[in-house]
Amino acid sequence: MGKKIKKEAEPPPKDVFDPLTIESKKAATVVLMLNSPEEDILAKACEAIYRFALKGEENKATLLELGAVEPLTKLLTHEDKIVRRNATMIFGILASNNDVKKLLRELDVMNSVIAQLAPEEEVVIHEFASLCLANMSAEYTSKVQIFEHGGLEPLIRLLSSPDPDVKKNSIECIYNLAQDFQCRTTLQELNAIPSILDLLKSEYPVIQLLALKTLGVITLDKESRAMLRENQGVDHLIKILETKEFNDLHIEALSVIANCLEDMDTMVLIQQTGSLKKLLSFAENSTIPDIQKNAAKAITKAAYDPENRKLFHEQEVEKCLVALLGSENDGTKIAASQAISAMCENSGSKEFFNNQGIPQLIQLLKSDNEEVREAAALALANLTTCNPANANAVAEADGIDPLINILSSKRDGAIANAATVLTNMAMQEPLRVNIQRQDVMQALIGPLHSANTVVQSKAALTVAATACDVEARTELRNSGGLEPLVELLRSKNDEVRKHASWSLMVCASDELMATELCRLGALDILQEINLSVSRKNKFSEAAYNKLLNNHLSLKYSQTGYLSSSNIISDGFYDYGRINPGTKLLPLKDLCLQEPSDLRTILLVNSKSSDISPPVSVDDKPSDTGHGQRISSSSSLRRASKEKTNAGIGSPTEEKSEPTSGRNTALSKSATKEKVSRKGRGKKEEEKVKEEEEFMAVPKLTGEGSSDKAWCPPSDPDFCVYVYEVTKSILPITNIKEQIEALAKYVAEKMGGKIPKEKLHDFSWELHISELKYQLKSNVIPIGQIKKGIFYHRALLFKALADKIGVGCSLVRGEYGRAWNEVKLRTESRRGVTGGLPPPEVYIVDLVFHPGGLMKLRSREADLYRFL
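Now for a quick tour of the structure. (Residues numbered from 1 in each chain as written. Predicted model: local features only at pLDDT ≥ 70, side-chain atom pairs only at ≥ 80, totals over all residues. Heavy atoms only, no water.)

1. Considerations on the overall build of the protein
Okay, step 1: For the protein, the count of helices and strands is 48 helices and eight strands.
Okay, step 2: With 867 residues in all, the protein has 52% of them scored as buried.
Okay, step 3: Sequence separation of at least 24 residues holds for 68% of the intrachain contacts in the protein that already meet a minimum separation of 6.
Okay, step 4: Here the protein has roughly 41800 Å² of accessible surface; of this, 50% comes from carbon and sulfur atoms. (Helix = DSSP H or I, 4+ residues; strand = E, 2+ residues; numbered from the N terminus. Buried < 20%, exposed > 50% of the residue type's maximum accessible area, 1.4 Å probe, protein only. Contact = heavy atoms within 4.5 Å. Areas by Shrake-Rupley, 256 points an atom, 1.4 Å probe, with all protein chains shown as cover.)

2. Points about the environment of leucine 241
Okay, step 1: Mapped onto the secondary structure, leucine 241 falls in helix 16 (residues 233-242).
Okay, step 2: A C-alpha to C-alpha distance of 9.3 Å links leucine 241 and lysine 278, two positions 37 residues apart in sequence.
Okay, step 3: Other than its neighbours up to four places away in sequence, leucine 241 contacts His250, Ala253, Leu254, Ile257, Leu279 and Phe282.

3. Focus: the sheet that holds strand 8 (residues 853-855)
Okay, step 1: Strand order in this open sheet of five strands is 1-5-6-7-8, and the pairing throughout is antiparallel. Of all strands in the sheet, those with a lone pairing partner are strand 1 (561-562) and strand 8, marking the two edges.
Okay, step 2: Along the sheet face, helix 45 (residues 735-749) touches strand 6 (818-824), strand 7 (840-844) and strand 8 and points at about 165° away from the line of strand 6. (Pairing = 2+ DSSP bridges. Axes fitted to C-alpha atoms, helices over the stretch in contact; angles between N-to-C directions.)

4. Some thoughts on the sheet that holds strand 4 (residues 779-781)
Okay, step 1: If you trace the three strands from one edge of the open sheet to the other, you get 2-3-4, paired in mixed fashion. Only two strands of the sheet have a single partner each, and these edge strands are strand 2 (572-574) and strand 4. Neighbour-to-neighbour, the strand axes of the sheet open up by a mean angle of 30°, direction not taken into account.

5. Points about the layout of surface pockets
Okay, step 1: Taken as a whole, the largest pocket spans an internal volume of roughly 960 Å³.
Okay, step 2: Residue lining of the largest pocket: 37 residues in total, with Thr515, Cys518, Asn550, His551 and Leu552 positioned closest to the centre.
Okay, step 3: Of all elements in the fold, only helix 36 (511-519), helix 37 (522-530), helix 38 (538-549), helix 39 (552-559) and strand 2 reach the threshold of two or more residues within the lining of the largest pocket.
Okay, step 4: Of the residues belonging to the lining of the largest pocket, the class tally is 15 nonpolar, 14 polar and eight charged. (1 Å grid on protein atoms, 1.4 Å probe; cavity = no way out; pocket = protein on both sides within 12 Å on 5 of 7 lines; lining within 4 Å. Points joined across faces, edges and corners; volume = space filled by probe spheres on them. Nonpolar A, V, L, I, M, F, W, Y, C, P; charged D, E, K, R; others polar.)

6. Examining the packing of aromatic side chains
Okay, step 1: Tallied over the full model, the rule gives seven aromatic pairs.
Okay, step 2: Between tryptophan 764 and tyrosine 791, the ring centres sit 6.2 Å apart and the planes meet at 90°, which makes this aromatic pair edge-to-face. Here the residue tryptophan 764 occupies a position in helix 46 (residues 764-775), and tyrosine 791 occupies one in helix 47 (residues 790-804), the gap between them amounting to 27 residues.
Okay, step 3: Residue class for tyrosine 791 comes out buried when judged on its relative accessible area of 10%.
Okay, step 4: Plain terms: the ring middles of phenylalanine 790 and phenylalanine 848 are 5.8 Å apart, the flat faces sit at 75° to each other, and that makes the pair edge-to-face. Of this pair, phenylalanine 790 sits in helix 47 while phenylalanine 848 sits in the loop between strand 7 and strand 8; the two residues are 58 residues apart in sequence, bridging distant segments of the chain. (Phe/Tyr/Trp six-rings, centres within 6.5 Å; stacked < 30°, edge-to-face > 60°.)

7. Some points on the pattern of salt bridges
Okay, step 1: Per the counting criterion, the structure on display carries 29 salt bridges.
Okay, step 2: The partner of aspartate 265 in a salt bridge is arginine 229, and the shortest N-O contact between them spans 4.0 Å. Of this pair, aspartate 265 sits in helix 18 (residues 264-272) while arginine 229 sits in helix 15 (residues 222-230); the two residues are 36 residues apart in sequence, bridging distant segments of the chain.
Okay, step 3: For aspartate 717, the salt bridge identified is with lysine 786, shortest N-O distance 3.3 Å. Separated by 69 residues along the polypeptide, aspartate 717 in helix 44 (residues 716-728) and lysine 786 in the loop between strand 4 and helix 47 bring together distant segments of the chain.
Okay, step 4: Three or more residues joined by partner-sharing salt bridges are found here, namely Asp574, Arg599 and Arg812. (Salt bridge = Lys/Arg side-chain N within 4 Å of Asp/Glu carboxyl O.)

8. Brief notes about unusual backbone geometry
Okay, step 1: Positioned with a positive phi, glutamine 232 is a non-glycine residue whose angle comes to about 55°.
Okay, step 2: Relative to the helices and strands, glutamine 232 is located in the loop between helix 15 and helix 16.
Okay, step 3: Since its relative accessible area comes to 46%, glutamine 232 is described here as partly exposed.

9. What to know about the packing of helix 44 against helix 45
Okay, step 1: The N-to-C vectors of helix 44 and helix 45 enclose an angle of 150°; their axes lie 12 Å apart at closest approach. On the basis of the axis angle, helix 44 is roughly antiparallel to helix 45. As helix 44 runs across helix 45, the sense of the crossing is right-handed. Where helix 44 approaches helix 45, its residues Val720, Tyr721, Glu724 and Val725 are matched on the opposing element by Leu742, Tyr745 and Lys749.
Okay, step 2: Grouping the amino acids of the contact of helix 44 with helix 45 by side-chain chemistry returns five nonpolar, no polar and two charged. (Parallel < 35°, antiparallel > 145°, perpendicular 65-115°, else oblique. Left-handed = near helix turned anticlockwise from the far one by under 90°.)

10. Here's the deal with the environment of isoleucine 406
Okay, step 1: Mapping isoleucine 406 onto the fold places it in helix 28 (residues 400-406).
Okay, step 2: The buried category is assigned to isoleucine 406, whose relative accessible area is 0%.

11. Some points on the pairing of strand 6
Okay, step 1: Buried residues dominate strand 6, accounting for six of its seven residues.
Okay, step 2: Examined bridge by bridge, strand 5 (residues 809-812) and strand 6 share four bridges and lie antiparallel to one another. Note that in strand 6 the partner of valine 811 across the bridge is tryptophan 819.
Okay, step 3: Hairpin remark: strand 5 followed by strand 6, antiparallel, with five residues in the connecting loop; positive phi at tyrosine 815, about 55°.
Okay, step 4: With five bridges connecting them, strand 6 and strand 7 associate as antiparallel partners. Along strand 7, the bridge assignment pairs valine 822 with tyrosine 842.

12. Observations concerning helix 17 (residues 250-261)
Okay, step 1: Under the 1.5 Å per step criterion, the end-to-end length of helix 17 is 16 Å for twelve residues, consistent within 8% with the ideal 16 Å.
Okay, step 2: Counting buried residues in helix 17 gives nine out of twelve residues, a clear majority hidden from the surface.
Okay, step 3: Taken together, the buried positions of helix 17 are His250, Ala253, Leu254, Val256, Ile257, Ala258, Asn259, Cys260 and Leu261. (Expected span 1.5 Å × (residues − 1).)

13. What to know about the pairing of strand 7
Okay, step 1: With four of five residues buried, strand 7 lies mostly within the body of the structure.
Okay, step 2: Here strand 7 pairs with strand 8 via three bridges, running antiparallel. Across the sheet, residue tyrosine 842 finds its bridge partner in strand 8, namely lysine 855.

14. Thoughts on the side chain of threonine 600
Okay, step 1: Among the structural elements, threonine 600 can be located in the loop between helix 40 (587-592) and strand 3 (601-604).
Okay, step 2: Take threonine 600: its relative accessible area is 5%, and that puts it in the buried class.

Given below as structure tokens:
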């Protein structure tokens, strides 16, 4: 046999590259390999990059800088499963980097990642694809992309995956997506709750915790709560609470239950199964502060529903809450106080806390924790609202002092709540007195200066409630509280303006306070507010009217009306009608003006001028002066004789002098009759006459005196009028006869009766012009006018009527008209029930038939007002 010859191997084709094994130690080199067309190289490159990325955040940033992300995105749709799997694993790791997330959103790879969740894909692909989505879903833009690409449905399906990592990643992503309302609605449509409830049975706590967190978000919607109830979800939650081994899940379980308690049907179910009692007992006896806190929060949420409050009250939830107030944890105290606040809407609960709860809350007011003090004050505010018994309980527990101390707190909520409690307590006078004794006005100054509108509003309301007597208002003024109150009127907040107006209305009860408020500009601001339809309110109008009642000159000029309760005092002046928004000059400025053709300003003043020379009782009047005074007295006596049936008595001719409170002119008028009967000498009479002429022309400007010495022009004649009507008309017991006598008296002093046909011939204008020239002023004391028309007589009638206590109003009409209205009962007409008839309004005739009374809205009265 011949020897065998060994066959030589065939050489490789010349166009084929020989295999090459490369060991790379640079990430950049591997990144370049991601563009290779060879599947094996791609798979190995991806595997190397995955291991590199796992080592830390710096490596992820390096891969991003090397440009690895973009070629990797193309590999997500590669035909080879290994390549696709390895690329998905890389993205599961890289997606935790924020910069990578941003780039992935720009590259719009979400659809490719979601495609990896298909049922036919391997579990490992599901794991890392869901991990990538979980990382991406932490940001809102990515949530939108996941939702729009239909990512929810495959994620819900993966909740039933046998792999715990897939479950964990899927439920985490769903939890992030559920923060959006639209996603929660879709979860309901996809019936996700049963799958989520199944996760509560997982042996992995992290999966259970994420499932509870997801349920806590989903059950914010009523429909989801119903689905949870239908799937016996409440039973699962109660079982978790009853299992001590799950104490790390109790807090989240309580959060879900808190949402469920808002649903009435769920609440009833919990109560019927006895679970509510278990829940309250669990909260009260737990030793974990966060569990107690969350239990109290659950009660707070549910207690906003009236039916739930009723069920809670039946289960004696108040005892649980009072026990929680004694916790050492501040968070639990806060939550318990807030729950009490919510339960206060139930009257039975309010009564319970009267004996138990209020003392504990008072102690919390003294806490070093500002949030605890705020929550306790809130509970007390709700407890004392419309409940005098609880307000008394707060006072009995020595709560006033800590409440006032909280007014200087750094937390606006605490200040507002404390102010509310004080306001509620101040509704009772004994408590208000106790509050005032604690210097509450001084304590309210800070809150009034606050920049927080709620604090401003509550503080102003507290002022309105506590400044109900002179001492408190005086303390407020002395403490500088009026300035911030007036400033609050400028607030753009409706509640602040309303409560500031309310407090100013209360403060304006004193003339001194009203004067100070006007000086601070309150009247002008209120007038501006009331001119605005959107800014005015009932309290601003009431405050404005209250201030006007202490500034009757302005009120009459603006409104043209003074009621019977508006008593004209010395210093009142009638400037005439002014338009809203127009400022009324002070009397002093008007007196300093030169005479002009403007309307005469009428002054009412029964006080003597301090700059006038003193007149002794031994002064000797002239015969002329005596005759004038006698004429006035005798005419009044004639009127009384003619109307004896009216019951008007003659003025008493006593020789004694008027009281010291009267003007010296009264003393002179009484003395003149006595002196003249003794027949004093001519020289003495001339001396008295000169002094009378000096008194008759008051010095209007206080020439040669300091600004402080200025006082309004005196009016001796008006002083005499007051004296005479006091002596002769005041004693009349019949009100109608008083009015008739006073009307005749006024008419006589103003030129007497004027027939209608001679009204235009009554030359009162010349007389007024002469007085202006004589006094060198537009301001004329009403007593010096001897020829007066409608508005002169009406003012004099009102001024004298107020001096003797006859109730009448003063009304300004058009074209120089003014009249007085009085209320009288007609004895001949009985009331509906047989008692006194209601009073009727009459107009007093002072011109045509002095003393006549015309029923309002009668033809005669209309002619008098408008003819």
